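One letter stands for each residue in the lines below.
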Amino acid sequence: MTTSTQTTPVKWEDDVLVLLDQTRLPVETIYLQLTTAEQVWGSIRRLEVRGAPAIGMAAAYGLYLGIRGSEVQTYEQFWQELNSQADYLGTSRPTAVNLFWALDRIKARVQQNSALPVDELKKAVLDEALAIQKEDAEVCRTIGEHLLTLLQDGMGVLTHCNPGALATAAYGTATAPFYLAKERGWDLKVYADETRPVLQGARLTAYELQQAGIDVTLICDNMAAMVMSQGKVQAVVVGTDRVAANGDVANKIGTYGVAVLAKAHGIPFYVAAPLSSVDLATATGAEIPIEERPAEEITHGLGKQVAPDDIKVYNPAFDVTPAQYITAIVTETGIFKPEEIAKSKQ
Ligand code: MRU
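The name that an unreviewed UniProt entry assigns to the chain is Methylthioribose-1-phosphate isomerase, with the source organism given as Brevibacillus parabrevis. Quoted verbatim from the Function (unreviewed entry) field of the UniProt record, the comment on the chain reads "Catalyzes the interconversion of methylthioribose-1-phosphate (MTR-1-P) into methylthioribulose-1-phosphate (MTRu-1-P)." Under Catalytic activity (unreviewed entry), UniProt gives the following word-for-word description of the chain: "5-(methylsulfanyl)-alpha-D-ribose 1-phosphate = 5-(methylsulfanyl)-D-ribulose 1-phosphate".

1. Remarks on the UniProt feature "binding site: substrate" (unreviewed entry) in the chain
As annotated by UniProt and renumbered to match this structure, "binding site: substrate" (unreviewed entry) occupies R50, G51, A52, R93, Q200, N251 and K252. Looking at the element boundaries, G51 is found in the loop between helix 1 (37-45) and helix 2 (52-67). Taking relative accessible area as the criterion, G51 reaches 9% and is therefore assigned buried. For A52, the position within the fold is in helix 2. Judged by relative accessible area, which is 4%, A52 ranks as buried. When near neighbours in sequence (up to four residues on either side) are disregarded, A52 contacts A96, N98, T240 and D241.

2. Points about unusual backbone geometry
Most peptide bonds are trans, and most residues other than glycine sit at a negative phi. For the bond running from L25 to P26, omega is 5°, close enough to zero to count as cis. Take P26: it is sitting in the loop between strand 2 (16-20) and strand 3 (31-34). For the bond from R196 to P197, the omega torsion is 5°, close enough to zero to count as cis. Along the chain, P197 falls in the loop between strand 5 (189-193) and helix 7 (200-211).

3. What about the confidence of the model for the chain?
When the pLDDT values of the chain are averaged, the result is 97; 99% of them are 70 or greater. The ipTM, which scores confidence in the relative placement of chains, is 0.99 for this predicted complex, and the corresponding pTM is 0.97.

4. Concerning the packing of helix 1 against helix 3 (residues 75-89)
Running from N to C, helix 1 and helix 3 cross one another at 20°; their axes reach a closest spacing of 10 Å. Classified by the interaxial angle, the pair formed by helix 1 and helix 3 is roughly parallel. Here helix 1 and helix 3 pass one another in a crossing that is right-handed. Touching A37, E38, V40 and W41 of helix 1 are Q85, Y88 and L89, all from helix 3. Along the lines of polarity and charge, the residues of the contact of helix 1 with helix 3 split into 5 nonpolar, 1 polar and 1 charged.

5. With respect to the sheet that holds strand 8 (residues 242-244)
Strand order in the open sheet made by the 4 strands is 11-8-9-12, with mixed pairing throughout. Looking at strand neighbours, the two that pair on one side only are strand 11 (278-279) and strand 12 (318-321), the edges of this open sheet.

6. Regarding helix 4 (residues 97-112)
Over its 16 residues, helix 4 runs 22 Å from end to end, which matches the ideal 22 Å to within 8%, given 1.5 Å per residue. Within helix 4, burial applies to V97, N98, L99, A102, L103, R105, I106, K107 and V110. Summarising the contacts, the buried residues of helix 4 are in contact with helix 1, helix 2, helix 3, helix 5 (118-148), strand 8 and strand 11.

7. Structural notes on the sheet that holds strand 3
Pairing is antiparallel across the open sheet formed by 3 strands, whose spatial order is 1-2-3. Whereas interior strands pair on both sides, the edge strands pair on one side only; in this sheet they are strand 1 (10-13) and strand 3. Strand-to-strand twist in this sheet, taken as the mean axis angle between neighbours without regard to direction, amounts to 25°. Here 4 bridges tie strand 2 to strand 3, and the two strands are oriented antiparallel to one another. Considered in strand 3, the bridge of L20 is made with Y31.

8. Details of the site of the ligand
Residues in close proximity to the ligand total 16 residues, the closest being R50, R93, D241, N251 and K252. In the environment of the ligand, an oxygen atom lies 2.8 Å from a nitrogen or oxygen atom belonging to the side chain of R93. Within the complex, 99% of the 420 Å² of free accessible area of the ligand lies under protein. Elements with a minimum of two residues in the shell around the ligand: helix 2 and strand 9 (249-252).

9. Observations concerning the UniProt feature "site: Transition state stabilizer" (unreviewed entry) in the chain
UniProt's feature table lists "site: Transition state stabilizer" (unreviewed entry) at C161, given in the numbering used throughout. Among the secondary structure elements, C161 is positioned in the loop between strand 4 (156-159) and helix 6 (176-183).

10. Digging into the pattern of salt bridges
Opposite charge on two side chains makes pairing possible when the charged atoms of those side chains draw close. Evaluation of the coordinates by the stated rule reveals 18 salt bridges. With a closest N to O distance of 2.8 Å, R93 and E291 form a salt bridge. Pair noted here: R93 is in the loop between helix 3 and helix 4 and E291 is in the loop between strand 11 and helix 10 (296-299), with a separation of 198 residues, a long-range link. A relative accessible area of 6% means that E291 is categorised as buried.

11. Some remarks on the environment of A170
Assignment of secondary structure puts A170 in the loop between strand 4 and helix 6. The buried category is assigned to A170, whose relative accessible area is 1%. Each C-alpha atom of the pair A170 and Y207 lies 15 Å from the other, and the pair is 37 residues apart in sequence.

Reading the values: rules and limits
- Residues numbered from 1 in each chain as written.
- Predicted model: local features only at pLDDT ≥ 70, side-chain atom pairs only at ≥ 80, totals over all residues.
- Heavy atoms only, no water.
- UniProt positions renumbered as here; feature names shortened; annotations may be inferred.
- Helix = DSSP H or I, 4+ residues; strand = E, 2+ residues; numbered from the N terminus.
- Buried < 20%, exposed > 50% of the residue type's maximum accessible area, 1.4 Å probe, protein only.
- Contact = heavy atoms within 4.5 Å.
- pLDDT = per-residue confidence, 0-100.
- Axes fitted to C-alpha atoms, helices over the stretch in contact; angles between N-to-C directions.
- Parallel < 35°, antiparallel > 145°, perpendicular 65-115°, else oblique.
- Left-handed = near helix turned anticlockwise from the far one by under 90°.
- Nonpolar A, V, L, I, M, F, W, Y, C, P; charged D, E, K, R; others polar.
- Pairing = 2+ DSSP bridges.
- Expected span 1.5 Å × (residues − 1).
- Near = heavy atom within 4 Å.
- Polar contact = N/O pair within 3.5 Å; in protein donor to acceptor, adjacent residues only side chain to side chain.
- Areas by Shrake-Rupley, 256 points an atom, 1.4 Å probe, with all protein chains shown as cover.
- Salt bridge = Lys/Arg side-chain N within 4 Å of Asp/Glu carboxyl O.

As structure tokens, then:
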């Protein structure tokens, strides 16, 4: 189902988790072979695998790697070990709810099968991880179909960060309509924000869309206002790490600014959100935990020192776009006004 031009960030091959090291793109294509939960934790933390759905997939396989060597014999002991591994993996990154969603989904599968022997429970854990990855590709494609109904041939579309194939099982969420438009012979012009400080837009979105033959133009984050004022952009589509029950949306730092700019220019602002990113247990965006990352991401961008020694730095990795700036949230179940996002799960 995946088009051959897409790069797969997460693979389960010969009992090993294979991750495309996204910190090395676009210059080097290096695959990491992971066999322990600790390695998976580190890969998530270091952004070797990143993007909300891909983090969830990696954590799911990480949970299997964490329990597959267990020697316990009873369900109770197995359940305890599963929970402690899940809690551990849950400390890798706080914002993308997909991580917790995937771990909870596996725990639920084990609970439902509590009568099975431990070896069978281990198989169920791997089976659920594989199912999560398989379903994600279908979910993304469906989101892309819905988003395409909001776009038109010939449009300019701006995106931020990497909500792409590299962040999912296939297609990406916000990039899915770009792949589908290409399949249909449409001519969309994509503008990719570089996305400071870690440059997911420049290193990943520009890379994967260019590889797929999609018309993509890279801009610095501070050019978005100018590009919008020049009439080059008719829609903004971004991904998300967590949607709160009131329709507030956490996504890569800078998304909020793009939403404000879009509103100022009368441009619709769409959020692509798989249901695995919709967190109705979190009432508003103010309650979403926002990860803060090391100062070096700003002071030593691309490894080169660009700020004075010992400068104070504030480096939140995500921001929250208030629902009022969002035209619609698009999930696999349809297109929703932000304040009606609860309906997406009914
Ligand atoms: O820090 P990252 O690279 O994991 O941040 C990723 C994003 O913010 C994406 O836009 C989001 O996870 C959506 S991915 C479909």
